[in-house]
2 protein chains.
Amino acid sequence: MTYCIGVMLDNGIIFASDSRTNAGMDNFAKFCKMTVFERPGDRVIVLLSSGNLAGTQAVISVLTQRCADGDAETNLYGARTMFDVARLVADAMRAIEERDAGHLEGNRVGFNASFIVGGQLDGEPIRLFRIYAEGNFIEASTDTPFLQTGETKYGKPILDRVLTRHTPLADATKCVLVSFDSTLRSNLSVGMPIDLICYERDSLAVQYRRRFDQGDPYFTALSHDWGEGTRQVFRDLPELSW
Amino acid sequence: MTYCIGVMLDNGIIFASDSRTNAGMDNFAKFCKMTVFERPGDRVIVLLSSGNLAGTQAVISVLTQRCADGDAETNLYGARTMFDVARLVADAMRAIEERDAGHLEGNRVGFNASFIVGGQLDGEPIRLFRIYAEGNFIEASTDTPFLQTGETKYGKPILDRVLTRHTPLADATKCVLVSFDSTLRSNLSVGMPIDLICYERDSLAVQYRRRFDQGDPYFTALSHDWGEGTRQVFRDLPELSW
């Protein structure tokens, strides 16, 4: 499985992804699922990958090669809008699907890559998309400021209770990390390290990026304080009178 | 969908179930999923039903008829242990499955009834089981004091953080209700009213039973206070220094 999330806020976007991949229960590995295309002052594009690793890696490699080739029609650095960026990612996904699908017939997994893509191009607002395996996509809105992929359920209640579009970046970052903590506890196929980017609107550069590995002191303290805090909230809740 | 939970504690068992059933997205209804077999001073047996309603209702009707028939071999009031109770429920499930399975072939849902069963017989400890659709079952243990069925994920993190075998009944009750609140917010196919029983060890009677309907003042206050409290815990969490 996987857990990836993008949160669209007034002042920026939070991106976070776990790093566990597995082929069956007996074959776990670590791969970074976060990819950044950045040209400071011009654009920041962040991709979070979910699904079959061969598929997601191939899509990233195609996108990277197309950037190197420099064809304005197909490369992320030539895109004029984030909407066009999402379309280019979808085009790369469809190209891989076309190449591989026939060979994966009868394979239980198949081509099932999907992406969260967000960021900002100079002169454009920040935008955030979720691209499905078929290459169609949705965009985060005011009503639903976050998009998740993979094991989404365990970590969702805390996001629902805390996040709005107006939540400050620092608070949203903590919320995302608690959401990961809840997910890691319940699904073994979601695992550390967690990659985190907090993109500040109009900065057009990745200024805040952190990787949280097993035993990270901040993550451990956050998890502990959250557990203690919620248990205290419980003790203060009104008693039920039967 | 459905959400049912049984929590096995030192001092008793909490049972709770939602009441929503649906046949497709456009056909919702309310049915109580909690059934009690009680003979005060002798035994309390609580069943929580999940799965296809025709199947679960048939199982309950078979169990009820067998109690009326009074055959010591097959009726819940004749069972000597909670283990035997779980077996009798499984037998009833298998009888319905045998009768209906052939007629449900090709039906997407099929016979998929499953149950949480718990309670106490005079002279026995409290016990709690989860019976799968096939009629085999597991029992709650010290390590894992709660058993869930249906839409289990949204409501699980809070149980994991708060519940141990030693949690007082009153606190566990609040925890179960918050778990329901989280689930109701995220899955429309889980719905109120919530039926709740708090069975006190060795009481051999159902003393604490409540139904929480839409707008219930206690449930509304609990949900509000929990939301406020957790948001405050957030504000107090340590800031991440990049």
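Cut-offs and rules
Residues numbered from 1 in each chain as written. Chains lettered and ligands numbered in written order. Predicted model: local features only at pLDDT ≥ 70, side-chain atom pairs only at ≥ 80, totals over all residues. Heavy atoms only, no water. Least-squares fit on C-alpha atoms with pLDDT ≥ 70 in both. Contact = heavy atoms within 4.5 Å. Pairing = 2+ DSSP bridges. Helix = DSSP H or I, 4+ residues; strand = E, 2+ residues; numbered from the N terminus. Axes fitted to C-alpha atoms, helices over the stretch in contact; angles between N-to-C directions. Salt bridge = Lys/Arg side-chain N within 4 Å of Asp/Glu carboxyl O. Buried < 20%, exposed > 50% of the residue type's maximum accessible area, 1.4 Å probe, protein only. Buried area = accessible area lost by both parts, 1.4 Å probe. Polar contact = N/O pair within 3.5 Å; in protein donor to acceptor, adjacent residues only side chain to side chain. Expected span 1.5 Å × (residues − 1).

Participant: What should I look at first to understand the relation of the copies chain A and chain B in this one?
Facilitator: Put simply, the second copy of the chain is the first one after a rotation about an axis and a shift along it. With an axial shift of 0.0 Å and an RMSD of 0.0 Å, the rotation relating chain A to chain B amounts to 180 degrees. On the angle and the small slide along the axis, the relation comes out as a two-fold axis. Among all residues of chain A, the one whose C-alpha sits closest to the rotation axis is A:Tyr154, at a distance of 2.5 Å. Mapped onto chain B, 100% of the interface residues of chain A again fall at the interface, so both copies present the same surface.

Participant: Looking at this structure, I do not really get the sheet that holds strand β11 (residues 194–200) of chain A. What am I missing?
Facilitator: Strand pairing in a sheet takes place through backbone hydrogen bonds and is either antiparallel or parallel in direction. Residues and elements named next belong to chain A. Taken together, five strands build an open sheet; the order of strands is β10-β1-β2-β11-β12 and the sheet is antiparallel. In this open sheet, the two edge strands, each paired with only one partner strand, are β10 (146–150) and β12 (208–212). With strand direction ignored, the average angle separating the axes of adjacent strands in the sheet is 10 degrees. As paired elements, β11 and β12 share five bridges and run antiparallel to each other. Opposite Ile197, over in β12, you have Arg209 as the bridge partner. Packing of helix α4 (residues 169–186) onto the sheet brings it into contact with β1 (3–9), β2 (12–17), β11 and β12, and relative to β11 it is tilted by some 160 degrees.

Participant: Explain the pairing of strand β5 (residues 34–39) of chain A here, please?
Facilitator: Within a regular strand, the side chains alternate between the two sheet faces. Residues and elements named next belong to chain A. In this sheet, strand β6 (residues 43–50) lies alongside β5 in antiparallel orientation, the contact comprising six bridges. Note that in β6 the partner of Met34 across the bridge is Leu48. What sits between β5 and β6 in their antiparallel hairpin is a turn of three residues, with Gly41 showing a positive phi close to 85 degrees.

Participant: Any chance you could explain the pattern of salt bridges here in plain terms?
Facilitator: Side chains bearing opposite charge may pair, as long as their charged atoms lie close to each other. Here the structure, examined in full by the defined rule, presents 36 salt bridges over all chains. Close ionic contact of B:Glu239 with A:Lys174 constitutes a salt bridge, the shortest N to O distance being 3.1 Å. Here the residue B:Glu239 occupies a position in the segment after α5 (217–236), and A:Lys174 occupies one in helix α4, the pair thus bridging two chains. Residue B:Glu239 is classed as partly exposed on the basis of its relative accessible area of 47%. For the salt bridge of A:Arg210 with A:Asp216, the shortest nitrogen-to-oxygen distance reads 3.1 Å. Assessed through its relative accessible area of 11%, A:Asp216 is described here as buried. Each of A:Arg39, A:Asp42 and A:Arg43 takes part in salt bridges that share partners, so that together they form one network.

Participant: Would you explain the interface of chain A and chain B in this entry?
Facilitator: Many descriptions give the size of an interface as the accessible area lost when the pieces come together. Counting from both sides, the interface comprises 42 residues of chain A and, opposite them, 42 residues of chain B. Across the chain A to chain B interface the summed buried area is about 4100 Å²; carbon plus sulfur atoms make up 67%. When the buried surface of chain A facing chain B is broken down by residue, A:Arg161, A:Phe234 and A:Trp242 rank first, second and third, together holding 23% of it. Across the contact surface, chain A and chain B share six salt bridges. Salt-bridge contacts for B:Lys153 lead to A:Glu151; the nearest nitrogen and oxygen are separated by 2.7 Å. Inspection of the chain A/chain B interface yields 24 residue pairs in polar contact (both at pLDDT 80 or more). Every element with two or more residues in the side of chain A that touches chain B is listed here: α3 (156–162), α4, β11, β12 and α5 (217–236) of chain A. Ranked by residues supplied to the side of chain A that touches chain B, first place goes to α5(A) with eleven residues.

Participant: Where do I start with α5(A) in this structure?
Facilitator: The α-helix advances 3.6 residues per turn, and as a result positions three or four apart in sequence lie on the same side. All names here are of chain A. Along its 20 residues, α5 runs 29 Å from first to last C-alpha, staying within 8% of the 28 Å computed at 1.5 Å per residue. Taken together, the buried positions of α5 are Tyr218, Phe219, Leu222, Ser223, Trp226, Gly227, Gly229, Thr230, Val233 and Phe234. Looking at where α5 begins, the residue whose side-chain oxygen comes 3.0 Å from the main-chain nitrogen of Tyr218 is Asp216.

Participant: What is the right way to look at the sheet that holds strand β11 (residues 194–200) of chain B in this model?
Facilitator: Residue and element names in this part refer to chain B. With antiparallel pairing, five strands are arranged side by side in an open sheet as β10-β1-β2-β11-β12. If you trace the sheet from one side to the other, it starts and ends with β10 (146–150) and β12 (208–212), each paired once. The mean angle between the axes of side-by-side strands here comes to 10 degrees, regardless of whether they run parallel or antiparallel. Here strand β2 (residues 12–17) pairs with β11 via six bridges, running antiparallel. The residue bridging Ile14 from the neighbouring strand is Cys198, located in β11. Of the strands in this sheet, β1 (3–9), β2, β11 and β12 touch helix α4 (residues 169–186), which is tilted by about 160 degrees from β11.

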